[in-house]
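Listed below are the residues making up each chain.
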Amino acid sequence: MYKSFGAVQALKNVSFEVAPAEIHCLVGENGSGKSTFVKTVAGVHPPDSGEIILNGNSYPKVNVREAIKEGIQVIYQDLSLFPSMTVAENIATNRMIAENRRFINWKEIREIAAKQLERIGVSLDLDEAVENLSVANRQLVAICRALSLDAKLIFMDEPTTALTKTEVDRLLNIVLDLKSKGISVVFISHKLDEVMEVADLVSIFRDGEKVGDFPSSEVNEKMLVYHMTGRKVEYPRYNRTYKDDTPVLEVKNLTSNGKYEDVSFTVRKGDILGLTGLLGAGRTELALTLFGLNPQDSGKIILEGKERKFTTPYQAIKSGISLVPENRQTQGCYMNKSITDNVAAPILDRMANGGGVLNVNKMKEHAEDTVKTLRVVTAGISTELQNLSGGNQQKVVLGKWIGTNPKVLILDSPTVGVDVGSKEEIYQHIQKFAAQGTAVILISDEIPEILANCNKLIVMKKGKVVGRLESDDLNVADVRDRIHALMDSN
Amino acid sequence: MKSNAIKKFFSKTEGYILLIVIVYCIIVAAVNPNFMTPGNFLDLIRSSSWYWILGFGVLLVLLSGGIDVSYTAIAICSGYVSACVIQRTGIENLAFAFFIAILIGLWFGAINGFLIHYFRLPTLIATLGTKTIFIGIMAALVGVEAINTDHLPAVFKDFGLAKLFTVPTETGAEYGLSVFFIPLVILGILTWFILYRTQIGRSVVALGNSEVSAERAGYNLFKTRMFIYMYVGALAAVAGVIAISDVAWIAPLSSTMIRGTELTIIAALIIGGVKLTGGEGTVFASIIGLLLVRLFETTLIFLGLTSSWQNFFTGLVFVASLSVTSLQRARKRRRMLLFEE
Amino acid sequence: MNKKKIFAVLMCLVLVAVFALTACGTPAEETPSETPAQEEPAQETPAQEEPAEEAPTAESDEQFEIVMIAKTEGLAWFDAMKRGVAEFNDDFADVNAYQHSPEGADAAKQAAMIEDYIAKGVDAICCVPNDPKALIPVVQKAKEAGIVVVIHEGEDLAGIADWDVEVFDNYEFGRVMGQKLGEAMGGKGKYAANVGGLTMQTHMQWWQGGTDYIKENFPDIELVNEQPYEDQDDAAIAYDICKEILRAHPDLNGFLGCTVESGSSMCRLLKETNNKNVKVSCLAVPSALGEYIKEGWCANGQGNSPIDAGYATVMCAYKVLKGETIEEGSTVDLGKPGMDNCNVKDGVIKGDATIIFTPENVDQYDF
Ligand SMILES: Nc1ncnc2c1ncn2[C@@H]1O[C@H](COP(=O)(O)OP(=O)(O)OP(=O)(O)O)[C@@H](O)[C@H]1O
Ligand SMILES: [Mg+2]
């Protein structure tokens, strides 16, 4: 199969086979063509050339409905939900269409939805509109939707990016369960540990080409990484060397009713403070408070010795706090604007000549810089964000906020959907930043990420701080187990 | 439980607008007691029935994320051609009149749906174009001469005068509930049924939510679009026949009857709480929004005001309603810590 | 699937049949009157060439092109006027006269049309202005371009245009309307009045005449609206307004309608609600009010013939083009009953062509 978008050759001579009851994982760097492959098979994009054979029926190209009829279901990377429809309807829709229903039975829709949600072990309000859900919950809805149907083959394009360990484990169990029922799953993820846990076969994509298929018993993470990137990837370990110990940001007994309570911590220049915890821990809410988007109910925020209370992000940015938000799709960037416009957005005043006229060359320079330092895979800086692969969008968002040169940089899950190779680079950037004296708060679910970057860690659970680890604690061998124990504790 | 449901209702735009309607009625009644008569309200139903019927069609278009400005032209063309056909063939039969009109409405609607689907035209642009095309077709094939009351086929006139029941007033005049009420109720229920109980109806809402998602979910969007615009066409045709019967007169080119109301109706629906960008809106919202705008249109004489005030009121409520809705939404989402859009 | 296809084909055929039916069924006598106006620019060329082919006579090597711009297209009144213009066109071989109006009674559109015809270089422009004052600049421009301009029903343009043709004295016409209303109401009660628009001079003169007469002669009759309601000569608006008037004033006894639309709307509403308390005295055309006049819903319908008015206006332009002098203070014959002995004064040519429609005579008129 071949597929190109203008000058970008997204798929080159890809042949791919899925056997019944097989868990086939697909890995590759950002922009290597994984999502494009899925979309082509599912009928969203017509391939330039090639053949798609589903259940023995050959198609030069399929359309979405044919693919569904052949038993294909997809959890798209962007989820493709209906924002103002309810959770129940979103989950049941695909089944209703596939069964070619003429009339709608709302009771049945709710039953289907309730059953699926129970299956993955979460409870959501069936009548809530999807647009009012958090990203993680949206992802769960999309998963339920794909499961609601007795498909033959389910593509899961990075379904776990926003999920924390409990839900991921649950999902992986379901995947194994599906396999035992004879259903095949193509699983795409950048979290290689997940991949290794369930895969029968792992295929690796690189620059739109398939590098090869490997039975999971014959490979390990290191090998996968090597085949994906063509080099060895080693996460750098951060050590604080900064001498000035005066606190930049102090948080004292901060409480936001119903979201988190009684959180205190201090960050100094050069600190990278980790914040971790399961879904509903209150980490993101805390970050939003610091950024002026979720006013606190009590407690204090002290920035450089002065007590502050932010009610708008503008105030926060002015005082030197930047936030890379969790959901890049909708919060962090303008999907239909170019890379140049996106990275220039938060620092427009610096991009302007006297008199407020934007200096286009300066903007372009800045964009070129960002693209180069963060290794964004793109045809050029004028590409619209929506045409970048998921991981590359994330890199642009990161570049956008790093460009603001903040005193405190809050990163909420900055490497979600980013491939291992680029993660390494992003870590290097974060650490360079901290070494230069920025205080960084890193919110993350990934223990390796935290261990690589943080010199302090706070573990949260259901809105409360349940554990604090200093840099010495983080260097001991069994630290992973300790963190997990804290998260599972009561 | 019950009070909770009421609270929920009034927190929605429809609820607000209903309150405004009630308050406005009280104000008008206070200024001019003649307003609060049964005859008055029966008359409002009668003269607004075709607005509502057009509104149901527009609701579908708005839900699907489109904007149609050609439906009024469809209403005029189909109604006028139907009247001409009956005038010239002498087949004085109401069902036949509706049949001809709906047939033309369906065809014009199909043209809209086809253009919008196959040429990926923005709905507003497409319908701006077809609007003039429809009038052009009619002018070229049938003509544009006004049909005065005397020459209008009796079926239309009789239909316009027929009533389900009448109530005499003390002055000897009698007011009644027009038969227009029957198609109005039927089409209201039908629209509701389509939107909430059928797959095609859900596909309309899905399309308005996200075209990409709808396509990926496996909806046949060609079918959906054809359905939307043909349904609008058919409703417009019914509304056209009713409007002609109501006024007992038609001048297809010069009249402001129906023509020129397209944006008013869209605005009214948005006032009621239908989302301009698609995906959200109810039948009740369209009824209540249009009711308010119709009240503005028909009560100026009661208040002793000139007609420019109507535009002022409509504009005011339009802006206020939009602001309130979006503020409410922003507040709710802020409470849930969602900051998109 | 197959059934669906057959159904679709069937529907196609029916649609074609519908259009075929209506297109062929267009009454024969209407077609000629319509053609010159609708396809006017294309039609001119052959018409102008005609005289050249015929044996040249002293006069016919010049053909006068006269355009009549009425208030709007698609109203029965102006459709009838179009017939008068067409009649004139047929009566005079050396004239190419046709009517062409804007879509919708809009002064700006009218001005734009006049500009177009100045550019086109017609010999004379006749116009029934929507808002006479708004046309002053273009009329001046037309005059400067050497084009003859004759206005119908727009005294504000008298002296600026060549002539203003009035079929009767407007104030007097209004007084008659008022008198008839007062008599029908039995000299007491409340009445409402309506005009097309406050800028429509003729309507305002009628309204003035009517209300003055009632004020002077029927002290017990009260006018409910100091400022007349406006319906823009539009039946839909008129219908809504009348409905509201009846609802807001349930004790109304009379209605003075200075537009045909308001008169017929009011009558229809009275008939609909079986309301015999309200007497209507209004401007009338038989095609709109004939039925109501015969059934008694309209107490008094009065008017003039738009056919004759159109004819006479074009006739006036023709006379100017031919170089006939029309002198102030004299009288002139514009060729139609009531217009055969018009007074010429201050740039206005005024006839006396009022028609009172009665149940007995209303059937004679076909406009
Ligand atoms: N609609 C599009 N228009 C133009 N280019 C596109 C489009 N979709 C994808 N591309 C390009 O095709 C390439 C492959 O993208 P794809 O989304 O398949 O990557 P991916 O492997 O899924 O990456 P990620 O891990 O970041 O999701 C990228 O270079 C991307 O910029
Ligand atoms: Mg992808």
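Predicted, not measured: the structure shown is a model, and the values here were computed from it.

Asker: Explain the overall build of chain A to me, please; I cannot follow it from the model alone.
Answerer: If you tally the helices and strands in chain A, you get 19 helices and 20 strands. Here the C-alpha radius of gyration of chain A, 23 Å, is about what a compact globule of 490 residues would show, namely 23 Å. Among the 490 residues that make up chain A, the fraction classed as buried is 57%. Pairs at least 24 apart in sequence give 68% of the contacts found in chain A among residues at least 6 apart. Entry remark: accessible area of chain A is about 20,200 Å², with carbon and sulfur atoms responsible for 47%. Distance from the positive charge centre (59 side chains) to the negative charge centre (63 side chains) of chain A: 4 Å.

Asker: When you look at the pairing of strand β6 (residues 189–195) of chain C in this model, what are you seeing that I'm missing?
Answerer: A regular strand carries its side chains on alternate faces of the sheet. Residue and element names in this part refer to chain C. Along β6, six of the seven residues are buried, which leaves the element largely enclosed by surrounding structure. Looking at chain direction, β6 and strand β7 (residues 221–223) are connected through three bridges and run parallel. Bridged to Lys-190 within β7 is Glu-222. Crossover connection from β6 via helix α8 (residues 201–217) to parallel β7: handedness right-handed. In the sheet, β6 pairs with strand β9 (residues 254–257) via four bridges, with the strands oriented parallel. If you follow Asn-194 over to β9, its bridge partner there is Gly-257. Pairing of β6 with strand β8 (residues 229–230) involves two bridges; the strand directions are parallel.

Asker: Would you mind going over the state of the cysteines with me for this structure?
Answerer: Chemically, a disulfide is nothing more than a covalent bond linking the sulfur atoms of two cysteines. Residue and element names in this part refer to chain C. Applying the stated rule across the entire model yields zero disulfides over all chains. Left without a disulfide partner, Cys-126 is nearest to the cysteine sulfur of Cys-316, which lies 7.6 Å away. For Cys-258, which is in no disulfide, the shortest distance to another cysteine sulfur is to Cys-282 and amounts to 9.3 Å. Classification of Cys-258 as buried rests on a relative accessible area of 0%.

Asker: What is the right way to read the domain arrangement of chain A from this model?
Answerer: Size of an interface: often given as the accessible area lost when the parts come together. All names here are of chain A. On domain assignment, one finds that chain A holds domain 1 (3–229) and domain 2 (247–488). Summarising the inter-unit geometry, the C-alpha centres of domain 1 and domain 2 are found 29 Å apart. Contact with domain 1, which involves 25 residues of that partner, is made by 26 residues of domain 2. Roughly 1,800 Å² is buried in total at the junction of domain 1 and domain 2, and carbon and sulfur atoms are behind 60% of that figure.

Asker: Whenever I open this one, the interface of chain B and chain C confuses me. Can you help?
Answerer: Taken together, the 54 residues of chain B in the interface contact 54 residues of chain C. In this assembly, chain B packs against chain C so that about 4,600 Å² is buried in total across both faces, 58% of it on carbon and sulfur atoms. A salt bridge links C:Glu272 to B:Arg46; its shortest N-O distance comes to 2.9 Å. Linking chain B with chain C are eleven residue pairs in polar contact (both at pLDDT 80 or more), by the criterion used here. Each residue belonging to the side of chain B that touches chain C can be placed in one class, and the counts come to 25 nonpolar, 18 polar and eleven charged.

Asker: Explain the sheet that holds strand β14 (residues 298–303) of chain A to me, please; I cannot follow it from the model alone.
Answerer: Where strands meet in a sheet, backbone hydrogen bonds hold them as pairs that are either parallel or antiparallel. All names here are of chain A. As summarised here, the arrangement of the four strands in space is β12-β11-β14-β15, forming an open sheet in which the pairing is antiparallel. At either margin of the open sheet sits one strand with a lone partner, and together these are β12 (260–268) and β15 (306–308). Strand-to-strand, the axes of this sheet are offset by a mean angle of 20 degrees, without reference to chain direction. Pairing of β14 with β15 involves three bridges; the strand directions are antiparallel. Its bridge partner lying in β15, Ile-302 is registered against Glu-307. The strands that helix α9 (residues 283–290) touches are β11 (247–256), β12 and β14; relative to β12, the one it contacts most, it runs at about 65 degrees.

Asker: Help me understand the nonpolar core in this model?
Answerer: Across soluble globular proteins, nonpolar side chains have a tendency to be buried as a group. With 200 residues, the main nonpolar core has B:Leu54, B:Phe156, C:Ile66, C:Ile245, C:Leu289, C:Leu334 and C:Ile349 as its most contacted residues. The element that contributes the greatest number of residues to this core is helix α11 (residues 221–247) of chain B, accounting for 15 residues. Within the second largest apolar cluster, 71 residues are counted, among which are A:Tyr260, A:Ala316, A:Ile441 and A:Leu469.

Asker: Would you mind showing me how to read the site of ligand 1 here?
Answerer: Residue and element names in this part refer to chain A. Not every one of the 19 residues close to ligand 1 is listed here, only the nearest: Lys-34, Ser-35, Thr-36, Ser-389 and Gly-391. Take Gly-31: an N or O atom from its main chain is 2.8 Å from an oxygen atom of ligand 1. Between ligand 1 and Ser-32, the relevant distance is 3.2 Å, taken from an oxygen atom to a main-chain nitrogen or oxygen of the residue. Notes on ligand 1: free accessible area 630 Å², of which the protein chains cover 88%.

Asker: Quick question: what am I supposed to make of the interface of chain A and chain B here?
Answerer: Contact residues are listed per partner, giving 39 residues for chain A and 31 residues for chain B. Taking both partners together, chain A and chain B bury about 3,000 Å²; carbon and sulfur atoms supply 52% of that area. If you sort the residues of chain A by the area they bury against chain B, A:Phe82, A:Ile104 and A:Asn132 come out on top, with a joint share of 17%. Where chain A meets chain B, there are two salt bridges.

Asker: Looking at this structure, I do not really get the packing of helix α8 (residues 181–197) of chain B against helix α9 (residues 199–209) of chain B. What am I missing?
Answerer: Between two packed helices, the angle of one axis relative to the other and the distance separating the axes together describe the packing. Residues and elements named next belong to chain B. Taken N-terminus to C-terminus, the directions of α8 and α9 make an angle of 75 degrees; their axes are 5 Å apart at the nearest point. Looking at the two axes, α8 sits roughly perpendicular to α9. Together, Ile-194, Leu-195, Tyr-196 and Arg-197 of α8 and Gln-199, Ile-200, Gly-201, Arg-202 and Val-205 of α9 make up the contact between the two elements. A class-by-class count of the residues in the contact of α8 with α9 yields five nonpolar, two polar and two charged.

Asker: Honestly, the packing of aromatic side chains in this entry has me stumped. Any pointers?
Answerer: Working definition: an aromatic ring pair is given by the centre-to-centre distance plus the angle between the planes. Residues and elements named next belong to chain B. Under the counting rule described, the total for this entry stands at 31 aromatic pairs over all chains. Summarising the aromatic geometry, the rings of Phe-35 and Phe-302 are spaced 5.4 Å apart at their centres and angled 75 degrees between planes, so their arrangement reads as edge-to-face. Of this pair, Phe-35 sits in the loop between α2 (13–31) and α3 (38–63) while Phe-302 sits in helix α14 (residues 300–303), placing them 267 residues apart in sequence. There is no split in this pair, since Phe-35 and Phe-302 are both buried.

Conventions we followed
Residues numbered from 1 in each chain as written. Chains lettered and ligands numbered in written order. Predicted model: local features only at pLDDT ≥ 70, side-chain atom pairs only at ≥ 80, totals over all residues. Heavy atoms only, no water. Helix = DSSP H or I, 4+ residues; strand = E, 2+ residues; numbered from the N terminus. Rg over C-alpha atoms; globule rule 2.2 N^0.38 Å. Buried < 20%, exposed > 50% of the residue type's maximum accessible area, 1.4 Å probe, protein only. Contact = heavy atoms within 4.5 Å. Areas by Shrake-Rupley, 256 points an atom, 1.4 Å probe, with all protein chains shown as cover. Lys, Arg positive; Asp, Glu negative; His and termini not counted. Charge placed at Lys NZ, Arg CZ, Asp CG, Glu CD. Pairing = 2+ DSSP bridges. Right-handed = clockwise from strand over helix to strand, strands pointing away. Disulfide = S-S within 2.5 Å. Domains from an automatic or database assignment. Buried area = accessible area lost by both parts, 1.4 Å probe. Salt bridge = Lys/Arg side-chain N within 4 Å of Asp/Glu carboxyl O. Polar contact = N/O pair within 3.5 Å; in protein donor to acceptor, adjacent residues only side chain to side chain. Nonpolar A, V, L, I, M, F, W, Y, C, P; charged D, E, K, R; others polar. Axes fitted to C-alpha atoms, helices over the stretch in contact; angles between N-to-C directions. Core = buried A, V, L, I, M, F, W, Y, C linked by side-chain atoms within 4.5 Å. Near = heavy atom within 4 Å. Parallel < 35°, antiparallel > 145°, perpendicular 65-115°, else oblique. Phe/Tyr/Trp six-rings, centres within 6.5 Å; stacked < 30°, edge-to-face > 60°.

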